[in-house]
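A look at the structure
Chain by chain, the residues:
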Amino acid sequence: MLKKIINSAKALYSPEFPKTITYMLQSTNYEIWPYLRWFWRTSDFSKVRNRRDLDKTSVARLILATLQWGIFFELILGLILVILTFSHTLAGGWAFGVAAIIGFPVIWSHLICIPVVTARLFIIQPKERQSVAKTKELFNKHKGIKIAVAGSYGKTSMKELLNTVLSQGKKVAATPANKNVARSHAKFAEKLTGKEDILIVEFGEGAPGDVDRFSSTLKPDYGIITGIAPAHLDRYKTLERAAKDIFSLANYIDPTRLYINGESIEAVKYLKPGNQTYDRHGVLGWQVQDLKSNIAGLKFKLVKDKTTISITSSLIGKHQVGPLVLAVALALELGLTEAQVTQGVEAVKAYEHRMEPYSLSGAWIIDDTYNGNLEGIRAGTALLADLDAKRKIYVTPGLVDQGRETKRVHEEMGKLIAEAKPDEVVLIDNSVTKYIINGLKTAGYTGRIEKQTDPLLYYGNLADFVASGDLVIMQNDWTDNYN
C-alpha cells in the first residue's frame, strides 16, 4: 500500500503529470463530467496511461501547453509568496505559497476545464453546426443509393460486409473503420466524388438524439438495425431510451426498406408493419439450408423458389449467417449477379478484433476484444460451446458503459459463460469481476476461475498459457478510463 501511495505521489508531481491530464481529457473526448469522474476515482496516476499514450493532435498540444505554463507560473507565484513571507514583507503569505506549490495537480486538473468548456461552447459547437449543414447539403445532392447502419452492436462488421459484397458490381463508398459520428460523416461526405452508386454510412449512438440527427442529415434510402443491447447506458440511462434513439432511423425510411436483426430480442419489440427481419434462417423469401459451422468458417445454401445459391464464408459463428444473408439479398436486389455476390461473400474477412481467429502455438485464438455488449457475449459463448477443442478458455474483463444495468448484465454474462462450459475462465480483475463470478457460481460453474490484474502482460504472453488443441476466446476490452 505504501509503495502504491508513493508511486501515485510521484506521478502527481512528475513533469509528465500535465501529459496524463491531457490524455484523460482526450480519452473522454474532452467531455468534462466523464473526465472529472475518472480523475476523482483514480488512486494511482502512474497507471493512467497504461494501454496507449497521448495522441498529440493540435488540440492536445494546446491543452498540454496550457497546463505546463499554468503550472509553471503557479509554482513561481507560490515560491514568491513564501520568499516574501520570510523577508517580512508579506505576513501570512507562506500558507498561500505552500498551498499553491503543493496543490497545483488538483488545482490545474480542474482549472483546465474552463478553457475546454469555453472552446466547446464558442468554437467547436458552432463549427460542428456548420459542418453538419454542409454534410447534409452534400448528401442531399448525391444521386447514389444511401444505406444507413445503426444498432448497439455489429455495425462496423455489417457495414464492411455490405461494402465488400456490393463492391463486386457497384462503385461503393463507406465510412471508414468505426468512424460513426458527425465529424466523421463530414469528412466522409467531403471526399465523395458524386459518381458513387452506393453510400454506406455507419451511425454511432453516443448520446440521446444522435441517430435522429444523423438520419436527418443523410436521409437514407435503406436502413439496417443490427440489434439492441445495453450499451452507452452512462448517457442513455435506460435501454428503452437507447432503443428509441436507434429506431428513430425508421422515421426517415420507407418501412419496407428497414431491415432489423430478428435475433435481437430487444430490437424486434420495435418492429412496425412492413419492416423486414433477417436472421440465420433467411430474409426476403430466401431460406438457409444445410448450414455447417466450424473454425474455418461457414457453409450453407440459400434457396428461393427454384434458385439455389451456395455460400462459403471465412466468418465464424452462426450469428454471422443473418448478416451474410442480408448482404446477399440486398446485393441481388440492387442488381448484382449471383456470381458477383458469391465472390463478394468469399472475399469478406473478419474485421479487426471482431471474431477474428488466428493460430498460436497450435491453439486457436478468437479475438473478439472489440465486442462490448451482452449480445456479443451471447454470440461468443455460443460459439465457444459449438466448437470442438481439447481445452476451452474464456477471457474477458467484462463490459463498460452498462450504467444501472451493470450488476444484472454481468451476472447474466457469468451464466452465459457457465453454459458454454469452458475448462477455464480468465477474468481481468476490475469493478465488475465480482458480478461475473456471482453469475458463474449461480449457474453452477465448476471449472477453474483465474483473475489477472495486468491484461497487457497476459495478452502479451498468451503463447506461454496455451497448448496445441486449445481454443481461446477473448471478448471485450477495458480501456484506461474505467476501473
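Going by the structure above, here's the rest.
In short, a report on the structure. Since we're looking at a predicted model, the values are computed, not measured.

In this section: the pattern of salt bridges. Enumeration over the complete set of coordinates arrives at 23 salt bridges. Across the pair R49 and E16 runs a salt bridge whose closest N-O atoms are separated by 3.1 Å. On the criterion of sequence distance, the pair formed by R49 in the loop between helix 3 (32–41) and helix 4 (58–86) and E16 in the loop between helix 1 (2–12) and helix 2 (17–27) is long-range, its members being 33 residues apart. Since its relative accessible area comes to 22%, R49 is described here as partly exposed. Exposure remark for E16: the relative accessible area of 38% places this residue in the partly exposed category. R391 serves as the salt-bridge partner of D470, at 2.6 Å between the closest nitrogen and oxygen. Placement of the pair is D470 in strand 16 (residues 470–475) and R391 in strand 13 (residues 391–396), with a sequence separation of 79 residues. Its relative accessible area of 5% is what places D470 among the buried residues. Where salt bridges share partners, they join R391, E424, R448, E450 and D470 into one cluster.

This paragraph deals with helix 13 (residues 321–333). In this model helix 13 runs 18 Å from its N-terminal to its C-terminal C-alpha over 13 residues, within 8% of the 18 Å that 1.5 Å per residue would give. Extensive coverage of helix 13 is indicated by the burial of 11 of its 13 residues. Following helix 13 by one or two positions, G335 has its phi on the positive side, about 105°.

With that settled, the discussion passes to the nonpolar core. Counting residues in each nonpolar core, the largest one holds 38 residues, and the members touching the most others are L162, L166, I224 and L302. Ranked by the residues each element gives to this core, the list is headed by helix 13, at 9 residues. Leave out the neighbours within four places in its chain, and L302 touches W286, Q287, V288, T307, T308, I309, I311, V325 and V328. Within the second largest apolar cluster, 29 residues are counted, among which are L384, V409, L416 and L440.

On the surface, W69, F72, F73, I76, I80 and L84 cluster together into a nonpolar patch covering about 590 Å² of accessible area. Locating W69 in the fold gives a position in helix 4.

Residues T433, Y435, I436, I437, G439 and L440 constitute the buried set of helix 17 (residues 433–442). In this fold, the buried residues of helix 17 make contact with strand 13, helix 16 (406–420), strand 14 (424–428) and strand 15 (448–452). One or two residues past the end of helix 17 sits G444, with phi positive at roughly 80°.

For the rest of this paragraph, the subject is the packing of aromatic side chains. The final tally for this structure, using the stated rule, is 14 aromatic pairs. Between Y458 and Y459, the ring centres sit 6.0 Å apart and the planes meet at 65°, which makes this aromatic pair edge-to-face. Accessibility expressed as a relative area gives 4% for Y458, which makes it buried. On the accessibility criterion, Y459 (22% relative accessible area) is partly exposed. Taken together, the ring pairs connect F17, Y35, F39, W40 and F45 into an aromatic cluster. The ring centre of Y370 lies 3.6 Å from the NZ or CZ of R354, which sits over that ring. The positively charged end of K434 is found above the aromatic ring belonging to Y435, 4.6 Å away from the centroid.

Here is what the cut-offs are and how they apply
Residues numbered from 1 in each chain as written. Predicted model: local features only at pLDDT ≥ 70, side-chain atom pairs only at ≥ 80, totals over all residues. Heavy atoms only, no water. Salt bridge = Lys/Arg side-chain N within 4 Å of Asp/Glu carboxyl O. Helix = DSSP H or I, 4+ residues; strand = E, 2+ residues; numbered from the N terminus. Buried < 20%, exposed > 50% of the residue type's maximum accessible area, 1.4 Å probe, protein only. Expected span 1.5 Å × (residues − 1). Core = buried A, V, L, I, M, F, W, Y, C linked by side-chain atoms within 4.5 Å. Contact = heavy atoms within 4.5 Å. Patch = residues over 30% accessible without salt bridge, like charges linked within 9 Å, V, L, I, M, F, W, Y side chains within 5 Å. Areas by Shrake-Rupley, 256 points an atom, 1.4 Å probe, with all protein chains shown as cover. Phe/Tyr/Trp six-rings, centres within 6.5 Å; stacked < 30°, edge-to-face > 60°. Lys NZ or Arg CZ within 6 Å of the ring centre and 35° of its normal.

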